[in-house]
Number of protein chains: 2
Amino acid sequence: MAVLLGSGSIPAAAQERSTDATWIWYPGDYEIWLSNKMQARRTERGAFFPPLWRYYSPYALVTFQKHFTLPEEDVVEIVAEGQCKIQLDGAMYYGDPSRVHIPAGAHHITVKVYNQEKTPALFVRGKHLGSDASWEVTYEDKEWIDETGRASGQSGTEWQQAGSWNFDKKENKPSEFRLSVTPQYATNVTHENHGFIADFGKETFGYVRLHGLRGSGKVYLYYGESEEEARSVEACETLDEITVGPDMKKEYTLKDSKAFRYVQVRTEGTAQLDSVSMLYEYLPLEYRGSFRSSDELLNKIWDVSAYTMHLTTREFFIDGIKRDRWIWSGDAYQSYLMNYYLFFDNPSVKRTLFALRGKDPVKSHINTIMDYSFYWFLGVYDYYLYSGDEDFIKQIYPGMVSLMDFCLQRRNENNMMQGLPGDWVFIDWADGLSKEGEVSFEQLLLARSLEAMSLCAGIVEDSEAADYYKKQAGSLKEQIFDAFWSADRQAFLHHRVKGKTTDKITRYTNMFAIFFDYLDAAQKQGVKQEVLLNDEVQQITTPYMRFYELEALCALGEQEYVLEEIRDYWGGMLDLGATSFWEKYDPSEKGDEQLAMYGRPFGKSLCHAWGASPVYLFGKYYLGVQPTAPGYATYTINPVLGGLKWIEGKVPTPGGEIEVYCSTGKIRVRSTEGNGILTFKSKTRPVCKEGKITRTEKDTYQLQLSPGTTYNIQYKYQK
Amino acid sequence: MAVLLGSGSIPAAAQERSTDATWIWYPGDYEIWLSNKMQARRTERGAFFPPLWRYYSPYALVTFQKHFTLPEEDVVEIVAEGQCKIQLDGAMYYGDPSRVHIPAGAHHITVKVYNQEKTPALFVRGKHLGSDASWEVTYEDKEWIDETGRASGQSGTEWQQAGSWNFDKKENKPSEFRLSVTPQYATNVTHENHGFIADFGKETFGYVRLHGLRGSGKVYLYYGESEEEARSVEACETLDEITVGPDMKKEYTLKDSKAFRYVQVRTEGTAQLDSVSMLYEYLPLEYRGSFRSSDELLNKIWDVSAYTMHLTTREFFIDGIKRDRWIWSGDAYQSYLMNYYLFFDNPSVKRTLFALRGKDPVKSHINTIMDYSFYWFLGVYDYYLYSGDEDFIKQIYPGMVSLMDFCLQRRNENNMMQGLPGDWVFIDWADGLSKEGEVSFEQLLLARSLEAMSLCAGIVEDSEAADYYKKQAGSLKEQIFDAFWSADRQAFLHHRVKGKTTDKITRYTNMFAIFFDYLDAAQKQGVKQEVLLNDEVQQITTPYMRFYELEALCALGEQEYVLEEIRDYWGGMLDLGATSFWEKYDPSEKGDEQLAMYGRPFGKSLCHAWGASPVYLFGKYYLGVQPTAPGYATYTINPVLGGLKWIEGKVPTPGGEIEVYCSTGKIRVRSTEGNGILTFKSKTRPVCKEGKITRTEKDTYQLQLSPGTTYNIQYKYQK
């Protein structure tokens, strides 16, 4: 990979202001370590419940290096998480690392850091020299090869660009990272004979605090996302037990964070307390995206979606906050997309992609789920499209190659993938959904993943690999059409078992084929009528797959229909009192049925990332903003009212934001970077003082946008 | 590897007495963790100096399982190093792990343990159920595949037999392991104006203790394996600085262990102390092998060799105790061999082999040295021959395969190995020794390694692989003879550069070919005359290669000549005051020259494992004991006096020992296990009451030995 790791990819910022410094590590290692810690915090009724897949660990011994030139003598402070060995221009440094004197001129510094318990990390700051992403790092060591004693580090050692986040002070040690907390108080307390139930007014997450503790005995806490769950001592998913004694302070904050809206508090013995409050725990993020419309219900749905997204955007993008609190690649993939229209927080995407990938050798699929390996590739692809971050692609590409090798080696004699021992073919939670044989949906995701590989191979300048993956993707797509596309039924069939394609149709392959743009116009219309709008095809009951189903319909111009679905489905959850969106919602279920899942009365998560898709749909298909080149270098705005009187909002871009207002008579857009094209339909000839509108076809108009200008268009909305 | 990991390989002991219990872990993981810790203890004049090669880490999350049947209800205590999740017959256990009630009958228990900082380890003990090597462990997890909730753990998960050592009490946590210590005192103290120099009488290792500390200021310690080194404040390799203050106790024990015979103590400020002593640190081992002879010098050489071996046999077999204190595969390989004739401590061999191998993927040679990868294979081969331990072969085989794959992938177009970027071709420390091109020595080691692979593939019942490696070894041996054997010169040539074999001859390939038995009788004699006994071929100056040179000569029956060499070379070190044997000895060097190495005045190690080879040579080629089947099922005894009046000693076997006495007129042998054959020459017809002696050829006799009998033979010694 040497070709990737040259100084060509040093960020400009790092070169200009080297006295800025940040903690650095082997890329992915801190993310893996932090995710191990976070995912091991799951408990089930008090019992430890770690993830069900392989854990990786950071390299315990790594070497950082930097070639640099000083205009004058510098006195550099070197701080490490771990023990460190410093070599300056190949010579061992025996002095005080807090004051390393380096004379003017060209130098080469290497710092070897060992840490078995935490991620080896380095912080260097002088007047001219500072640790940043321009430093290189390796877990190998062949520097001794150079018998002159100079640490050339060039003998076969693979160097990677260092990883970093936002630990910009030496005191901010990566291993000590904690999410932010702020106090929250119950909105209502109901006293019972056993104790009391505190209602915090909405779904929340954090550390319960006990106030006015006294006496001795036990305090029991039973958490509930619903009041029913908090009241169920026997069946609530999470609980805590605190032993109260004479030597205990009056105030006590629980060690472990929990997700809940309600907490039932019971005491035993002479233990008593006055009240409970909590420390709400969150990742500090700015809501850079926004959406408002003439429909208050949709506004409420957007707000609750955004809050659901924020609750599940933590150290990493997790599935839900009550139960697993794990990083599931398929769930995270939707979080990436929603993030681009809400926070546009690249570090959260990178942390999650690094953590999911782990290290080599690859012995099983991500989360052991075949489709989840593929979503990971799609996530890298989209991240590059939205962020334009080539440095990350260069860091992650080796991991992409080894994961893809693993996948391709598991293809059967038809070059297709089907579940092997140890593979979980998930697709969706749906009754009677068969995972048998060659499932067309999995092949479709593999084809898209191969396209992602080809793109990234190009970025790392491996044209041979780029061609190879392109060919693989092309031939697989042909195979998919040959094996699964039914011209009569205008749909992809579900799967092929022992060489025989069954006549079963499911929505999954068909809706993905639409927004992957694998179908021609006629085929798309066919799929729309025969599958998406056909009630005889098994309905989707998870917000997870609703996400894609509605996206497919939007891509086909069905925004008005989709709004009805959103009002109905997400509005349905709000009617049932949801303050965050759920893991699963089936309108036909009654009462407590809505709370059960996995055979447990309160097994269902009531705050699940994949429930927040309106954040993504409103931004991409109503405000209509989409990048058309990496990092929003170019983009399109195509506002669609979908039957609303007006919509208004912001979509974040890497360095700014795009503002869109659209009513039946007026469009207003403004951006801060990139070159955009506004496309819209109008019954009348539109008027705009700020730019020249061109007509592309009957009733369809375009306007070239440049950053910094506010464009006001008078027109007459047409569907 | 599933085929290997069945209950077929459960040690009998574990089956019979299941209430015995020991701490278990993923095989190799604890060894890797412990070696990381130990090897990071090196300091150079106070500066941290970790190893120059890749570090691996344990799996942070592993799952243990055991299928078992209880005759009655058992109450089991489960203790883990880390957080643990217990499942009994697939059901989550929420209760107290210190009292797990399990009813009579057949069961399946899985315990998942997470530990990021230390090796995840498990201890289980009940009346009938105890954790031991019969438990299985995996770092994968596909148990959820089983949708009934039962933890079948059979879906594609690779299980390994658990690793263990001797942590047989729940209190003996593996992570808290420390070597033993015992006080030692200086034999002589010389007071100087700056302080004093304490002489501990011989090379030793441990923690210096300061007595009668008072005042405030500094105490400086300068360590020396020689008095010259301890006196050299500027150039001694290791030192310590202790800050003394009012709040300090009178007694202080240094935190870090050091190797030394002399310590110079200096004080600064008002700091004073009365004296120093030390805590000698060692691995408790029984000297099961012994050797005595009619030559007191040789007896002394054996004693100092044994002590050198003990000092370097620690958490692992290390190179030397002063400087690196690292695990070098080439050095360790000799320690394995010496161990079989001194301690016969299998755990030390297994720990070292596991630690050296690390994990996958393999990205560089062991210690980054090509020859050291090959010695590792030879070490596994010999371990099996001496111990007969098939369970270990099954645990290590996957690591053998991946390391061999790495090696074979690095062969050039001639199917030979030559140094690639990042490879260190070491061979030996010798002036002007070329490592260029295809070095015959490396090919020879590879051939032997392929033979080891074939043997072990057979043990794990992979006959296809066994054949493959056998063929590879065979064809490589042919190539070696074609390319490097010179019939005219009766020797292997050193190397081939750019297709051209140079006419240079070195000893290395030639002497290894002899004890690998790759040469016919005539070729052996040729090599003996033209190389081994030819002073024009560059002499060897390291005990490291002297080890093999003398072994080759012994294998050719030159015991008498070899004894002269030993008296001369090892005796030479004793004459210079050695109390342990050195890293390098060149009789031509004068005075302080003997202490210098690596361009540093005291860089040379004066206690180096590879200096102890007489322990091995005396046992194998004078007492003449060698196994001929794994684990001494069969063995030979062929006593050789080599000019001595008498020799006497013991050679340890897996379950006992072989005693040998041999003088010019009498042989006495006794063993406790296995079937041995005594072979000897006699000028007269020998007499033995305890067994029937048969004559095999002129003057050569054989006696079949059975365990437990002492055989007394009257004869007349003949060379």
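Residues numbered from 1 in each chain as written. Chains lettered and ligands numbered in written order. Predicted model: local features only at pLDDT ≥ 70, side-chain atom pairs only at ≥ 80, totals over all residues. Heavy atoms only, no water.

As a further point, take unusual backbone geometry. Note that the residue after Asp360(A), namely Pro361(A), is joined by a cis bond; omega there is -5°. Take Pro361(A): it is sitting in the loop between helix H6 (346-357) and helix H7 (370-387). Of note in the backbone geometry, Ile427(B) takes a positive phi value of approximately 65° without being a glycine. Topologically, Ile427(B) is positioned in the loop between helix H8 (390-409) and strand S23 (438-439). (Helix = DSSP H or I, 4+ residues; strand = E, 2+ residues; numbered from the N terminus.)

All names here are of chain B. With six of eight residues buried, strand S31 (residues 656-663) is to be regarded as a mostly interior element. Summarising the sheet, strand S30 (residues 646-653) and S31 pair through eight bridges and their orientation is antiparallel. The residue bridging Lys650 from the neighbouring strand is Glu659, located in S31. Counted between consecutive antiparallel strands, the loop separating S30 from S31 contains two residues. Of the pairings in the sheet, the one linking S31 to strand S32 (residues 666-671) comprises five bridges and is antiparallel in character. Bridge pairing in S32 links Val660 to Val669. (Buried < 20%, exposed > 50% of the residue type's maximum accessible area, 1.4 Å probe, protein only. Pairing = 2+ DSSP bridges.)

When the domains of chain A are assigned, the result is domain 1 (2-176), domain 2 (180-282), domain 3 (290-622) and domain 4 (625-714). Taking only C-alpha atoms into account, the centre of domain 2 of chain A sits 50 Å from that of domain 4 of chain A. (Domains from an automatic or database assignment.)

Residues and elements named next belong to chain A. Strand order in the open sheet formed by six strands is S22-S30-S31-S32-S37-S34, and the pairing between neighbours is antiparallel. With partners counted over all chains shown, the strands left at the sheet margins are strand S22 (290-293) and strand S34 (687-688), one partner each. Taken together, the four bridges between S22 and strand S30 (residues 646-653) define a ladder with antiparallel strand orientation. The residue bridging Ser293 from the neighbouring strand is Ile647, located in S30.

When chain A is fitted onto chain B, the two copies agree to an RMSD of 0.0 Å after a turn of 180° and an axial shift of 0.0 Å. Both copies of the chain, as the preceding transformation shows, are related through a two-fold rotation axis. Minimal C-alpha separation from the rotation axis in chain A is found for Glu117(A), amounting to 2.1 Å. When the interface residues of chain A are mapped onto chain B, 100% of them again fall at the interface, so both copies present the same face. (Least-squares fit on C-alpha atoms with pLDDT ≥ 70 in both. Contact = heavy atoms within 4.5 Å.)

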